[in-house]
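Residue strings, one per chain:
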Amino acid sequence: MKKTTTQPAQLCRVLALAAVVLSGISAQAAEPLNTPRKGKSLTGIMQNDYEPLVYLDENGNNTGYFFEIVAAAAKRLGAHIEVKNGTFDSFIPGLQSQRYDFALGTDATPERQKIVDIIPLIDAGYSFITLHDSKVNVGGELTDLCGHSVAALAGQSTLTTLQDQGDKCTAGHRPPLKIEVYPSRSAAWLAVKSGQAELTPVYTGEAGWITKKDPGWRVTGPKFGLGQSGFAVNK
């Protein structure tokens, strides 16, 4: 089946309506706008185990505040969205191949902005979580990661920073930083819980939510990768 390509400029306007939702103006209460997107379908991708950003509710439906924002924006335009599950490393290739119109939850790194357009919604950064009963306590610098093991996510912006730090640990004759890459957050968390890794990265903005929901986790280590995150569309 031939897929209708959505123009990036139009998609940017669609996603920019999320700012209206965030400012407290109800997009759901208003009548749909008369736009070229009215009655059209948009296909997106998200990693659906990233609660509270994007995840599945108890009925198996997409939810999370990133998803709700874009759903409300699309409704305001009278458009229908279908969001599929995928891994971070498939987001940008999927946009470039025009398989997807947008990707939910994309960090706006300089490298990514060279090949896709990113509409930022939140200030983002990363830290780490470990098991609450773990004896692991990591200091506030990236060099403090030397000698520890991390369950990283494929395609996440943290991976480059971790790999660079691993090289610096080796070059500085420090204990090695061990990095294992997993396809999803649930797989990375399982690796920590099963003792295959000590740490896994989390958004600084969600770390408190995670540890409150599950006291079996605690936050440790440096904050890094500070920037913005939002939605990506093809250039």
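Note that the structure is predicted; figures quoted are calculated from it, not measured.

What counts, and at which threshold
Positions within a chain are numbered from 1, following the residues in the order the chain's sequence is written. Selection of residues for local features in this predicted model requires a pLDDT of at least 70, selection of side-chain atom pairs for listing and counting requires 80 or more, and totals for whole chains, interfaces and linings are taken over all residues. The side-chain quantities take in all heavy atoms of the structure and omit both hydrogens and water. One requirement defines pairing of two strands: DSSP has to find at least two bridges between them. Strands are runs of DSSP state E lasting at least 2 residues, helices are runs of H or I lasting at least 4, and numbering of each runs from the N terminus. Whenever a helix is involved, its axis is fitted only over the stretch in contact; in every case the axis is a line through C-alpha atoms, and angles between N-to-C directions fall within 0 to 180 degrees. Put simply, a nonpolar core is a bunch of buried Ala, Val, Leu, Ile, Met, Phe, Trp, Tyr and Cys residues held in one set by side-chain atoms that sit within 4.5 Å of each other. Buried means the residue's accessible area, taken with a 1.4 Å probe over protein chains only, is under 20% of the maximum for its type, while exposed means over 50%, and partly exposed covers the values in between. Centre distance within 6.5 Å is the pairing criterion for rings of Phe, Tyr and Trp, where only the six-membered ring of Trp is used; planes under 30 degrees apart are then read as stacked, over 60 as edge-to-face, and the remainder as tilted. To sit over a ring, a charge needs its Lys NZ or Arg CZ within 6 Å of the ring centre and within 35 degrees of the ring normal. Seen with its strands pointing away from the viewer, a crossover is right-handed if its path from the first strand over the helix to the second goes clockwise. Any Lys or Arg side-chain nitrogen located within 4 Å of an Asp or Glu carboxyl oxygen qualifies as a salt bridge. Confidence of the predictor at the level of single residues is captured by pLDDT, which takes values from 0 to 100. Residue contacts are defined here by distance: any two heavy atoms, one from each residue, within 4.5 Å place the two residues in contact.

1. Quick notes on the sheet that holds strand S1 (residues 41-46)
Thought 1: Read from one edge of the open sheet, 6 strands run S5-S1-S6-S11-S7-S10, paired in mixed fashion. Edge strands, defined here as strands with exactly one partner in the open sheet, are strand S5 (80-85) and strand S10 (200-203). Ignoring which end each strand starts from, the neighbouring axes of this sheet average 35° apart.
Thought 2: For strand S6 (residues 102-107) and strand S11 (residues 217-234), the ladder comprises 4 bridges, and the chain directions are antiparallel. Along S11, the bridge assignment pairs Leu 104 with Phe 231.

2. Description of the nonpolar core
Thought 1: Tyr 50, Val 54, Ile 81, Phe 102 and Leu 104 are the most contacted members of the largest nonpolar core, which has 58 residues in total.
Thought 2: For this core, the element with the most residues is strand S7 (residues 116-131), which contributes 8 residues.

3. Side note on the packing of aromatic side chains
Thought 1: For the structure on display, the rule yields 9 aromatic pairs.
Thought 2: Their ring planes at 20° and their centres at 4.9 Å tell us that Tyr 126 and Tyr 203 sit as a pair that is stacked. Note that Tyr 126 is positioned in strand S7 and Tyr 203 in strand S10, a separation of 77 residues in sequence.
Thought 3: For Tyr 126, a relative accessible area of 2% gives the class buried.
Thought 4: Exposure remark for Tyr 203: the relative accessible area of 6% places this residue in the buried category.
Thought 5: When the centroid spacing of 6.0 Å and the interplanar angle of 35° are considered together, the rings of Tyr 126 and Phe 224 count as tilted. You can see Tyr 126 sitting in strand S7 and its partner Phe 224 sitting in strand S11, a full 98 residues away along the chain.
Thought 6: Its relative accessible area of 6% is what places Phe 224 among the buried residues.
Thought 7: Grouped by ring-pair contacts, the aromatic residues Tyr 50, Phe 88, Phe 91, Tyr 126, Phe 128, Tyr 203 and Phe 224 constitute a single cluster.
Thought 8: Above the face of the Tyr 50 ring, Arg 185 is positioned so that its terminal group lies 4.2 Å from the ring centre.

4. Side note on the sheet that holds strand S3 (residues 54-56)
Thought 1: Taken in spatial order, the 3 strands line up as S2-S3-S4 in an open sheet, and their pairing is antiparallel. Looking at the sheet topology across the chains shown, the edges are occupied by strand S2 (49-50) and strand S4 (62-63).
Thought 2: Of the pairings in the sheet, the one linking S3 to S4 comprises 2 bridges and is antiparallel in character. Along S4, the bridge assignment pairs Leu 56 with Asn 62.

5. A closer look at the pairing of strand S8 (residues 149-153)
Thought 1: Judged by how many residues are buried, S8 sits mostly within the fold: 5 of 5 residues are covered.
Thought 2: With 5 bridges joining them, S8 and strand S9 (residues 178-182) adopt parallel strand pairing. Bridging across to S9, Ala 152 finds its partner in Val 181.
Thought 3: Viewed along the sheet, the connection from S8 through helix H6 (residues 158-171) into S9 turns out right-handed.

6. Concerning the pattern of salt bridges
Thought 1: Throughout the structure, instances matching the rule amount to 3 salt bridges.
Thought 2: Two residues, Lys 213 and Glu 51, come together in a salt bridge whose shortest N-O distance is 2.6 Å. Within this pair, whereas Lys 213 is found in helix H8 (residues 204-213), its partner Glu 51 is found in the loop between S2 and S3, the two being separated by 162 residues in sequence.
Thought 3: Here Glu 206 and Arg 185 are joined by a salt bridge, their closest N and O atoms 2.9 Å apart. Here Glu 206, found in helix H8, pairs with Arg 185, found in helix H7 (residues 185-193); they are 21 residues apart in sequence, far enough to count as distant. Arg 185 shares its class with Glu 206; the two are buried.

7. Considering the confidence of the model for the protein
Thought 1: Summary statistics for the protein give a mean pLDDT of 85 and a share of 84% for residues scoring 70 or more.
Thought 2: Of the regions scoring below 50 in pLDDT, residues 18-28 engages in 13 contacts with residues more than four places distant in sequence or in other chains.

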